[in-house]
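Remarks on the overall topology
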Amino acid sequence: GCPTTTNNVTPRKCNLFESLCDKTVPEIAFATTHNSMSNKADGWAAYNHFYGIEDQLNEGFRGFMLDIYEEERVLKLCHGTCLGGSIDFETVMESYYDFLNENPHEVIVFIFETHISPERFGDAFDSHPLGQMALQITPSEPWPTLNTLIDNDTRLIMFSDTVEDAPSYILEMWAHAVDVHYHAETQDDFSCDWFRGEPENELFIFNHFITNPLPNETAAQEVNAYDVLMPRLQKCQNENGKFPNFISVDFFSVGDTLQVVNELNGNP
């Protein structure tokens, strides 16, 4: 008889885990960076993180809160003003595009605060290959699984707070998502009350950072710790009856955010 050969196919991992492949976006928690572009390594004042977007991707963060502005006809990511720091939009898009090309089983999410015309915003993506990877979905459609997003190469999900006249792959944030308040000066200010969006919207943006009056590492170290982050998540999930999807933190490199997110996803 012939020796039998077993075909050792390595199972696909989606966003680093096999178990996420069959889940849809509303069933998954994404480790998310708040003001992702604002970081010490790139020379920002009053930064939200020590390290930039490539490091965030390499660490396992897959959700990105980004603020887009236009200065002298150049699109830039800034926060409040471009004086405290800025990164050319093109540069950042290249980083994301390279990452998605090098990691064909990864899905990422953009949550944009848009300070330019939605039309201008659309043009920027229409002219960049990243735009080709963006998912089109309406709030009434069921979400595909990560497997489907990967198979279709629609591995970028892009929300914006203003979408009028924008291409249909720029999704209207508050038609799809609901959040809890983002302004907290101390832990006592954390609340599970809904803030923006409708409670019946499918996705839950979980803002979890301290700004007093600026972001600081000590506050992040405290609130990103497992013993603070996990109980607050569980409390809000119980109170609101909704699974938290985008766990948004400052200083992604301190604390236990990834551990908490993996546990929420059933990957302790």
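Residues numbered from 1 in each chain as written. Predicted model: local features only at pLDDT ≥ 70, side-chain atom pairs only at ≥ 80, totals over all residues. Heavy atoms only, no water.

1. Some words on the overall build of the protein
Filter applied, for reference: The numbering of helices and of strands both runs from the N terminus, where a helix is a DSSP run of H or I of at least 4 residues and a strand a run of E of at least 2. C-alpha atoms define the radius of gyration, and 2.2 Å times the number of residues to the power 0.38 defines the globule rule. Accessibility here uses a 1.4 Å probe with only protein chains present; expressed as a share of the type maximum, an area under 20% marks a residue as buried, one over 50% as exposed, and anything in between as partly exposed. In what follows, residue pairs with any heavy atoms lying within 4.5 Å of each other are defined as contacts. Surface accessibility in these figures is a Shrake-Rupley result with a 1.4 Å probe; residues are shielded only by whichever protein chains are displayed. Charge counting follows a simple rule: Lys and Arg are positive, Asp and Glu are negative, and His as well as the terminal groups are ignored. Each charge is placed at NZ for Lys, CZ for Arg, CG for Asp and CD for Glu.
Secondary structure assignment for the protein yields 9 helices and 10 strands. Taken against the 2.2 N^0.38 rule, which gives 18 Å for 268 residues, the C-alpha radius of gyration of the protein at 19 Å falls within 12% of a compact globule. Projected onto the principal axes, the alpha-carbon positions of the protein cover approximately 75 × 45 × 40 Å. Residue burial in the protein is summarised as follows: out of 268 residues, 52% are buried. For the protein, contacts bridging at least 24 residues in sequence account for 69% of all contacts bridging at least 6. Accessible surface, the protein: about 12,400 Å² in total, of which carbon and sulfur atoms supply 46%. Averaging the positions of the 13 positive and the 43 negative side-chain charges in the protein gives two centres separated by 3 Å.

2. A look at the environment of Glu71
We apply this condition: Any pair of N or O atoms that falls within 3.5 Å is considered a polar contact. Within protein, one atom must be able to donate a hydrogen and the other to accept it, and sequence-neighbouring residues count only if both atoms are side-chain atoms.
Among the secondary structure elements, Glu71 is positioned in strand β2 (residues 63-71). On a C-alpha basis, the gap between Glu71 and Ala177 in space is 29 Å, while along the polypeptide they are 106 residues apart. Apart from residues no more than four positions distant in its own chain, Glu71 is found in contact with Lys76 and Cys82. Here the side chain of Glu71 touches Lys76 through a polar contact of 2.9 Å, side chain to side chain.

3. Here we look at the pattern of salt bridges
So the rule is basically this: Put simply, a salt bridge is a Lys or Arg side-chain nitrogen that is within 4 Å of an Asp or Glu carboxyl oxygen.
Applying the stated criterion to the full structure yields 7 salt bridges. For Arg62, the salt bridge goes to Glu106, with nearest N and O atoms at 2.6 Å. Of the two residues, Arg62 sits in the loop between α1 (53-59) and β2 while Glu106 sits in the loop between α2 (89-102) and β5 (108-114), which places them 44 residues apart along the sequence. Given the relative accessible area of 6%, Arg62 is considered buried. Classification of Glu106 by relative accessible area gives buried; the value is 6%. With a closest N to O distance of 2.9 Å, Lys76 and Glu71 form a salt bridge. Its relative accessible area of 16% is what places Lys76 among the buried residues. Overall, the relative accessible area of 31% leaves Glu71 in the partly exposed class.

4. Section: the pairing of β5
Spelled out, the test is: Whether two strands pair comes down to DSSP finding at least two bridges between them.
Along β5, 6 of the 7 residues are buried, which leaves the element largely enclosed by surrounding structure. Pairing of β2 with β5, which is carried by 6 bridges, proceeds in the parallel orientation. Each residue of the ladder has a partner; that of Phe64, found in β5, is Phe110. As paired strands, β5 and strand β6 (residues 156-160) are joined by 5 bridges and run parallel to one another.

5. Side note on the state of the cysteines
Counted only if it meets this: Note on disulfides: each one is a pair of cysteine sulfur atoms within 2.5 Å.
Summed over all chains, the structure comprises 3 disulfides. For Cys14, the disulfide goes to Cys21, at an S-S distance of 2.0 Å. Taking the sign of the S-S torsion, 105° for the link of Cys14 and Cys21, the bridge is right-handed. Judged by relative accessible area, Cys14 falls into the buried class, the value being 0%. Residue classification places Cys21 among the buried positions, given a relative accessible area of 5%. There is a disulfide in this structure between Cys192 and Cys236, and the S-S distance comes to 2.0 Å. Judged by the sign of its S-S torsion, about -80°, the cystine formed by Cys192 and Cys236 is left-handed. Linking Cys192 in the loop between β8 (177-179) and β9 (203-207) with Cys236 in helix α8 (residues 226-240), this pair joins segments that are 44 residues apart in sequence. The disulfide pattern of the protein is 1-2, 3-4, 5-6 when the bonded cysteines are numbered in sequence order.

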